[in-house]
Amino acid sequence: MSENAGGDAEALVGRFAQMFGALAQNIERVVRGKREKVELALICLLSEGHLLVEDVPGVGKTTLARAMSASVEAKWARIQFTPDLLPSDITGVSIFNQGTSAFEFHAGPIFANLVVADEINRGSPKTQSALLEVMEERRVTVEGTPHPVPRPFLVIATQNPVDMDGTYPLPEAQLDRFLMRISMGYPDHQAEVALLAGAPTGAVLDQMPPVIGRDDVSRMVEFAQRLHVAAPLYDYVVRVVAATREHPDLRLGASPRASLALLRAARVRAAAAGRAYIVPEDVKALAVPVIAHRLIVTPEAELRGRGGADVVGEVLANTPTPQAAGV
């Protein structure tokens, strides 16, 4: 996405799709058989959102995060969450410099373009809040002085839902800070065979070349958010999100933040598909990963085995799809 790129929107969106595909292909060198999950993670990056990867141990959550970091020529950092991790271990501290007789701020690992927050639910609520504040505000305030984090800025958090001892589940209001929540799932038979037969993942990760630079990511983010959205699509997004607020199986539906997140992600998905406009299928494909984790299901619905994803699927099925929503 060169700054001097000319031509029409079709040529620019074609270049966007080409770069998106190159990123996905590079990540698939180590994350095998998970193209859909890889594309969702990249959509999250190019929507300037944050990603929560929730699944059982050993299915590639951290590998996905590391592969994304390696594919972009930008600064990245990894934070291993533990119960004794302090907020200052993430954000940084002010240290007195005897030579200058003044306090100097020493930035923590959060000051990176891509931050891997491994096993976030093992950190204490106070430490979790420190990270989530930076995610929302995109800056750290120490002793009254704000310190902005670099752009682009993406937090890829992982957690194991089966671990209960020594963990602190994220509150629903903090889950809302993540643009998407995805699960990796187990690989299919062929992908697992290829994994066993291939080189060790760690060695491949260490040798992965970056595909695009930080400035390329910034330009892709800016370009995607200029894509055309027809009036019926705005109405459709609002109707889908609003339907969750009235659903009998939910104690709490999605907020307008979910509407904005869904629209941003739909624009990126459209550009990745080589289109300069979004269609209803973009909204439908992203509704579950963008909306489901923001919903609170009633106890009665939980007893029936209903979850947020089930409700979103039902809402999509019952919401009329715009017929004339193209360019």
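Quick summary incoming for the structure in this document. Along each chain, residue indices are assigned from 1 in the same order as the chain's sequence is written. With the structure being a predicted model, the display of local features is reserved for residues of pLDDT at least 70 and the display and counting of side-chain atom pairs for 80 or more, all residues being used for whole-chain, interface and lining totals. Side-chain descriptors were evaluated using all non-hydrogen atoms of the structure, hydrogens and water having been removed beforehand.

What follows concerns the overall build of the protein. In terms of regular secondary structure, the protein is built from 14 helices and 13 strands. Relative to its length of 327 residues, the protein is compact, with a C-alpha radius of gyration of 20 Å against a globular reference of 20 Å. Expressed along its principal axes, the backbone C-alpha trace of the protein runs to roughly 70 × 55 × 50 Å. In the protein, 77% of the contacts between residues at least 6 apart in sequence involve partners at least 24 apart. Working definition of accessibility: Shrake-Rupley area with a 1.4 Å probe, residue cover restricted to the visible protein chains. Surface accessibility of the protein: about 15200 Å² in total, with carbon and sulfur atoms responsible for 51%. For the purpose of charge, His is not counted, nor are the chain termini; Lys and Arg are scored as positive and Asp and Glu as negative. Lysine's charge is taken at NZ, arginine's at CZ, aspartate's at CG and glutamate's at CD. The average position of the 32 basic charges and that of the 38 acidic charges among the side chains of the protein differ by 2 Å. In this description a helix means any DSSP run of H or I spanning at least four residues, a strand means any run of E spanning at least two, and both kinds are numbered starting from the N terminus. This radius of gyration counts C-alpha atoms alone. The globule rule is 2.2 Å times how many residues there are, raised to the power 0.38. Contacts are assigned to residue pairs with any non-hydrogen atoms lying within 4.5 Å of each other.

A word on the packing of aromatic side chains. Under the pairing criterion, centres of Phe, Tyr and Trp rings, with the six-membered ring standing for Trp, must be within 6.5 Å; the plane angle then separates stacked pairs below 30 degrees from edge-to-face pairs above 60, leaving the rest tilted. One pass over the structure, following the stated rule, counts 2 aromatic pairs. Consider the rings of phenylalanine 16 and phenylalanine 223, whose centres lie 6.0 Å apart with planes at 35°: the pair is tilted. Here phenylalanine 16 is found in helix α1 (residues 9–27), whereas its partner phenylalanine 223 is found in helix α9 (residues 214–224), with 207 residues between them in sequence. For each residue, the accessible area found with a 1.4 Å probe, counting protein chains only, is set against the maximum for its type, and the residue is called buried under 20%, exposed over 50%, and partly exposed in between. For phenylalanine 16, a relative accessible area of 0% puts it in the buried group. The buried category is assigned to phenylalanine 223, whose relative accessible area is 6%.

This part is about the side chain of threonine 319. By the secondary structure assignment, threonine 319 is in the segment after α14 (308–318). For this analysis, a polar contact is any N or O atom pair within 3.5 Å, provided that within protein one partner can donate a hydrogen and the other can accept it, and provided that sequence-adjacent residues contribute only side-chain to side-chain pairs. A polar contact of 2.7 Å, which involves the side chain of threonine 319, links it to the backbone oxygen of valine 315. Ignoring any residue separated from it by four or fewer positions in sequence, one finds threonine 319 in contact with Tyr236, Arg239 and Val240.

A pairing counts as a salt bridge when a side-chain nitrogen of Lys or Arg comes within 4 Å of a carboxyl oxygen of Asp or Glu. Tallying each qualifying case throughout the model produces 19 salt bridges. Across the pair arginine 151 and glutamate 48 runs a salt bridge, and its minimum N-O distance is 2.9 Å. Here glutamate 48 lies in the loop between α2 (35–46) and β1 (51–54) and arginine 151 lies in the loop between β8 (145–148) and β9 (154–159), a separation of 103 residues in the sequence. Arginine 151 gets classed as partly exposed once you look at its relative accessible area, which sits at 45%. Taking the shortest distance from any N to any O, the salt bridge between arginine 239 and aspartate 235 comes out at 2.7 Å. With a gap of 4 residues between them, arginine 239 and aspartate 235 both fall in helix α10 (residues 231–245), about one helical turn apart.

We now examine the layout of surface pockets. Grid points spaced at 1 Å and placed over the protein atoms alone form the basis of the search, with a cavity being a set where a 1.4 Å probe fits but cannot get out and a pocket an open set showing protein on both sides within 12 Å along at least five of seven lines. Lining residues have an atom within 4 Å of a point. Grid points are joined across faces, edges and corners, and a volume is the space filled by probe spheres set on the points. What the largest pocket holds in volume is close to 660 Å³. Glu54, Gln159, Leu175, Arg181 and His293 are, among the 29 residues lining the largest pocket, the residues nearest its centre. When residues of the lining of the largest pocket are traced back to their parent elements, those giving at least two are α2, α6 (172–175), β10 (180–182), α12 (280–291), β13 (296–297) and α14. Residue polarity is assigned by list, with Asp, Glu, Lys and Arg as charged and Ala, Val, Leu, Ile, Met, Phe, Trp, Tyr, Cys and Pro as nonpolar; anything else, Gly included, falls into the polar class. Its residues placed into classes, the lining of the largest pocket shows 15 nonpolar, 7 polar and 7 charged. Estimates place the volume of the second largest pocket at around 320 Å³.

This part covers helix α5 (residues 125–137). Helices are assigned an expected span. That span is 1.5 Å times one less than the residue count. The terminal C-alpha atoms of α5, which comprises 13 residues, lie 18 Å apart, in line with the 18 Å expected from a rise of 1.5 Å per residue. Restricting attention to buried positions, one finds in α5 the residues Thr127, Gln128, Ala130, Leu131, Leu132, Val134 and Met135. In the core, the buried residues of α5 are packed alongside α4 (87–91), β6 (114–118), β7 (139–142), β9 and α6. Looking one or two places after α5, you find arginine 138, whose phi comes out positive at around 60°.

Okay, the side chain of threonine 298 next. Mapped onto the secondary structure, threonine 298 falls in the loop between β13 and α13 (299–303). Since its relative accessible area comes to 10%, threonine 298 is described here as buried. Sequence-distant contacts of threonine 298, defined by excluding residues within four places in its chain, comprise Pro248, Asp249, Leu250 and Arg251.

Our focus in this paragraph is the sheet that holds strand β3 (residues 76–80). When DSSP finds two or more bridges between two strands, those strands count as paired. The sheet built from 5 strands is open, its strands ordered β3-β6-β9-β1-β10 with parallel pairing. In the strand order of this sheet, the two ends are held by β3 and β10, each with one partner. Between one strand axis and the next, the sheet turns by 15° as a mean value, whatever way the strands run. Direction of pairing for β3 relative to β6: parallel, over a ladder of 5 bridges. Bridged to isoleucine 79 within β6 is alanine 117. Throughout, an axis means a line fitted to C-alpha atoms (over the contacting stretch in the case of helices), and angles, computed between N-to-C directions, take values from 0 to 180 degrees.

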